[in-house]
Each structure stands twice: as structure tokens, then as C-alpha cells.
Amino acid sequence: MRDLGLDYDALRANPNIFDVAHQIAQKVCEDLPPGTIETDEQLAVVGRLAEWLVESDTSGADVSLGQIAEEAVALILAEAYLVETASSLNTKEMTGPQRAAFEDGVRQAAEELAAHANLSPSGPSPDEFTRAIEDGLEYLRTIHGAD
């Protein structure tokens, strides 16, 4: 997190969980190639990351830097890929349950990809985040046949 310009202790002490999630998502996304994830999608990621942090906090779980980074990568991967494929999905005849199942599958795959991204447990560097997201997007494109 330090390499990203974030102070982990300050983030943990910040009572505004949405501010914490926003700072993390903003720093992670700023080094990504243009067009990978837009502002609206970043806000969706911030909301989901904040929700995850709140759930972790209320369950009494002590969340590590590596876990926060992993969750951020998973959320960004899923959101970027789902937005990227939205127009092609809209041309396919899919029922609501089929679309929901597809989205759930993408989110599960993003979680697995993030878990195996070899991020530094003490806080990934911007290059590690970028590589994890770019590699993850390429893998999702390959397994789902999207360009």
C-alpha cells in the first residue's frame, strides 16, 4: 500500500469506510491502461469494497493488506470485464437467470484469479496490481470467448 502512496495505519484508523474504499480503488485504478475501468465502474467497485470491508469488520476478522488488495483486484476485474462484455451480452438471447448466472460466474472467476495473482502480502506494488488486472482480463476474455 505504501508503494501506492497509501498509509495502511491511516486507512485502518479512518472511520469512514467509504473513504477508505475510495482511496484504495482510486490508487489501484490510476495506473491501469486507459479504458480498463471508467469512473462509474470505479464507484461500483468502491461500494462493493466498502461493503466487503464493513462485513469483515463486523465479523471481527482482522483484514490484512494482502486480503484488501486481493478483494480490490477481484472487484475491479469483475466490473471491468462485465462492462466490457455488456453490449455483446445484450445482443444474446439470455433470460434473467442466465444473465445472473453468467455474472456470478465472472465474479467467482475474478475471485479465483485474484487469489492466484501472486500479490505481495505486505502490500502489492502498482505494477503487481496492473499485471494482476491485465492478466485476469485476458484470462476472462479467453475463457468466455470475448474480444
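Look a little higher up for the structure.
All figures in this text were calculated on a predicted structure; none of them were measured in a lab.

Draft legend 1. Spatial organisation of the environment of Gln67. Mapped onto the secondary structure, Gln67 falls in helix H4 (residues 65-90). Judged by relative accessible area, Gln67 falls into the partly exposed class, the value being 39%. Between the C-alpha atoms of Gln67 and Leu119, which are 52 residues apart in sequence, the distance is 9.5 Å. Setting aside residues up to four positions removed in sequence, Gln67 forms contacts with Trp52 and Asp62.

Draft legend 2. Seen up close, the packing of helix H5 (residues 96-115) against helix H6 (residues 126-144). Put simply, H5 and H6 touch, their axes get as near as 11 Å, and they point 140° apart. The angle between the axes of H5 and H6 places the two elements in the oblique class. Read as a crossing pair, H5 and H6 show a hand that is right-handed. Two secondary-structure elements touch here, H5 through Phe102, Val106, Ala109 and Leu113 and H6 through Gly136, Tyr139, Leu140 and His144. Residue composition of the contact of H5 with H6, by class: six nonpolar, two polar and no charged.

Cut-off values and rules
- Residues numbered from 1 in each chain as written.
- Predicted model: local features only at pLDDT ≥ 70, side-chain atom pairs only at ≥ 80, totals over all residues.
- Heavy atoms only, no water.
- Helix = DSSP H or I, 4+ residues; strand = E, 2+ residues; numbered from the N terminus.
- Buried < 20%, exposed > 50% of the residue type's maximum accessible area, 1.4 Å probe, protein only.
- Contact = heavy atoms within 4.5 Å.
- Axes fitted to C-alpha atoms, helices over the stretch in contact; angles between N-to-C directions.
- Parallel < 35°, antiparallel > 145°, perpendicular 65-115°, else oblique.
- Left-handed = near helix turned anticlockwise from the far one by under 90°.
- Nonpolar A, V, L, I, M, F, W, Y, C, P; charged D, E, K, R; others polar.

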